[in-house]
Amino acid sequence: RQRQMCIRDRYFEGEPTSVTQVVGGAEGLQVMYAGGFVSANGLTGPANAAIYNIQGQRAMSLKAWDGTPVSTDALSSGVYILKVNNKSIKFVKK
C-alpha cells in the first residue's frame, strides 16, 4: 500500500529563481539594483563591470565604471548577475 502525504502550508519569499546564491568578496564595495538601475558604492577607481543573463551570456558591459547608476532598460525581463571586481549580485528585471 502506498502512503499518501498532505502538504498543508507553503510559503514563498522573494523572487524564485534557480540561482540560489551569488557570493562576492570585495571588502567595502556595495553593489545595488533598485528602480531599474544598477549602482555601486565604494569603488576605489574606475572598474570594468558586466551583467550576465541566467545562461551565463554577457548582456551588458560597463567599461571604466565609477559606480554611478546605469539604466537596465535595454535588458529583457529576467534574472541577471552583475559582477564588478570580485563582487556579484543577483537581480530580477521585471
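Please read all numbers here as calculations on a predicted model, not as lab measurements.

## Some points on the sheet that holds strand β5 (residues 70-71)
Strand order in this open sheet of three strands is β1-β2-β5, and the pairing throughout is antiparallel. Every interior strand has two partners, whereas the edge strands, β1 (30-34) and β5, have only one. Summarising the sheet, β1 and strand β2 (residues 37-41) pair through five bridges and their orientation is antiparallel. Bridge assignment links tyrosine 33 to a residue of β2, and that residue is valine 38.

## Some details on unusual backbone geometry
Backbone geometry places alanine 64, a non-glycine residue, at a positive phi of 50°. Here alanine 64 shows up in strand β4 (residues 58-65).

## Things to note about the sheet that holds strand β3 (residues 47-53)
With antiparallel pairing, the four strands of this open sheet are ordered in space as β4-β3-β6-β7. Each end of this open sheet is capped by a strand with a single partner; those strands are β4 and β7 (87-93). The sheet shows a mean angle of 20° between the axes of neighbouring strands, direction not considered.

## Focus on the nonpolar core
Ranked by size, the top nonpolar core spans 18 residues in total, and within it Ile51, Trp65, Leu82 and Val84 carry the most contacts. Ignoring sequence-local partners within four residues, the contact set of valine 84 consists of Leu29, Val31, Leu43, Ala47, Asn48, Ala49 and Trp65.

## Observations regarding the packing of aromatic side chains
Ring pairs (aromatic) are described by centroid distance and by the angle formed between their planes. Under the defined criterion, the tally for this structure stands at two aromatic pairs. Each ring, one from tyrosine 33 and one from phenylalanine 91, has its centre 4.2 Å from the other, and the planes form 20°; the classification is stacked. Here tyrosine 33 is found in strand β1, whereas its partner phenylalanine 91 is found in strand β7, with 58 residues between them in sequence. Between the aromatic rings of tyrosine 80 and phenylalanine 91, the centroid separation amounts to 5.8 Å while the plane-to-plane angle is 25°, which identifies the pairing as stacked. Of this pair, tyrosine 80 sits in strand β6 (residues 78-84) while phenylalanine 91 is found in strand β7, placing the two residues eleven residues apart along the sequence. The buried category is assigned to tyrosine 80, whose relative accessible area is 6%. Taking the relative accessible area as the measure of exposure, phenylalanine 91 reaches 4% and is therefore buried.

Criteria and thresholds
- Residues numbered from 1 in each chain as written.
- Predicted model: local features only at pLDDT ≥ 70, side-chain atom pairs only at ≥ 80, totals over all residues.
- Heavy atoms only, no water.
- Pairing = 2+ DSSP bridges.
- Helix = DSSP H or I, 4+ residues; strand = E, 2+ residues; numbered from the N terminus.
- Axes fitted to C-alpha atoms, helices over the stretch in contact; angles between N-to-C directions.
- Core = buried A, V, L, I, M, F, W, Y, C linked by side-chain atoms within 4.5 Å.
- Buried < 20%, exposed > 50% of the residue type's maximum accessible area, 1.4 Å probe, protein only.
- Contact = heavy atoms within 4.5 Å.
- Phe/Tyr/Trp six-rings, centres within 6.5 Å; stacked < 30°, edge-to-face > 60°.

Everything listed here is a matter of coordinates, which is why it stays silent on function.
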